[in-house]
Structure formats: C-alpha cells, structure tokens
Amino acid sequence: MSKTLIIAEKPSVATDLARVLGKELGKFTRDKSGAFYQNDRAIITSAVGHLLEQKKTHDGRRKVPAVEIRLSARHPQEV
C-alpha cells in the first residue's frame, strides 16, 4: 500500500497537521526519534532549513530576470 508524504515547514506545523489530519485520515503515531508521524495512509515530517531557494540570474537577452530553482533534500539526522 502506498502512503502520502506530507512535508511541513517546521516541526510544530507537522505536529499540528498530525493532530488535524488525524481526524480525517486516522490517528498518527510519532516515531521514536520524533522525526515524523505516520499511520497506514500517510507520513508527516518537517523540513530543516529552506526546501526551495530562488536565485535570480540575469540573461543578457531578457529584460526580466530568469529564476533558477534548486531542490535540496536532507534527512533530519544529517543536519
């Protein structure tokens, strides 16, 4: 069975999501490490730092700056 991954912006938001979504998706239990919540339908975790960072670059042929987006995924124990 597949699960939905929900990434919150910070740990307190993950806690709130687990509480609120638990009413709809079923009770969430917190992992022993405290890094995430899960049930049989979803996993809720939180980000550490910025998930997306926008860097504006200027292209000589354009008047509007181009935007470069880089994704950086980190496991909470790596930080």
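Here, every reference points to the structure presented above.
Computed from a predicted model, the values in this text were never measured in an experiment.

Q: What's the story with the pattern of salt bridges in this structure? I'm lost.
A: For side chains of opposite charge, pairing can occur when their charged atoms come near one another. For the coordinates displayed, the defined rule picks out one salt bridge. Put simply, Asp16 and Arg19 hold a salt bridge, and the shortest N to O gap is 3.3 Å. Of the two residues, Asp16 and Arg19 are both situated in helix H1 (residues 11–25); the distance of three residues between them amounts to about one turn of the helix. Taking relative accessible area as the criterion, Asp16 reaches 37% and is therefore assigned partly exposed.

Q: Help me understand the environment of Thr29, please; the structure alone is not making it clear to me.
A: Following the sequence through the fold, Thr29 ends up in strand E2 (residues 29–30). Once the C-alpha coordinates of Thr29 and Ala18 are considered, the two residues, eleven residues apart in sequence, prove to be 8.4 Å apart. Ignoring any residue separated from it by four or fewer positions in sequence, one finds Thr29 in contact with Phe36, Tyr37 and Gln38.

Q: Would you explain H1 in this entry?
A: Residue pairs spaced three or four apart in an α-helix point in one direction, given the helix's 3.6 residues per turn. Look at H1: 19 Å from first C-alpha to last across 15 residues, which is about the 21 Å you get at 1.5 Å a residue. Burial in H1 covers these residues: Ala14, Ala18 and Gly22. The positive-phi residue at the C-terminal boundary of H1 is Gly26, with phi of around 105°.

Q: Help me out: how do you make sense of the nonpolar core in this one?
A: Within soluble globular proteins, side chains that are nonpolar tend to cluster in buried spots. Judged by nonpolar contacts, Ile6, Ala8, Ala14, Ala18, Phe28, Tyr37, Ala42 and Ile44 together constitute the single largest core of eight residues. Sorting the residues of this core by element identifies strand E1 (4–8), H1 and strand E4 (42–46) as the ones contributing at least two each.

The rules behind the values
Residues numbered from 1 in each chain as written. Predicted model: local features only at pLDDT ≥ 70, side-chain atom pairs only at ≥ 80, totals over all residues. Heavy atoms only, no water. Salt bridge = Lys/Arg side-chain N within 4 Å of Asp/Glu carboxyl O. Helix = DSSP H or I, 4+ residues; strand = E, 2+ residues; numbered from the N terminus. Buried < 20%, exposed > 50% of the residue type's maximum accessible area, 1.4 Å probe, protein only. Contact = heavy atoms within 4.5 Å. Expected span 1.5 Å × (residues − 1). Core = buried A, V, L, I, M, F, W, Y, C linked by side-chain atoms within 4.5 Å.

All we've got here are geometric facts, nothing functional implied.
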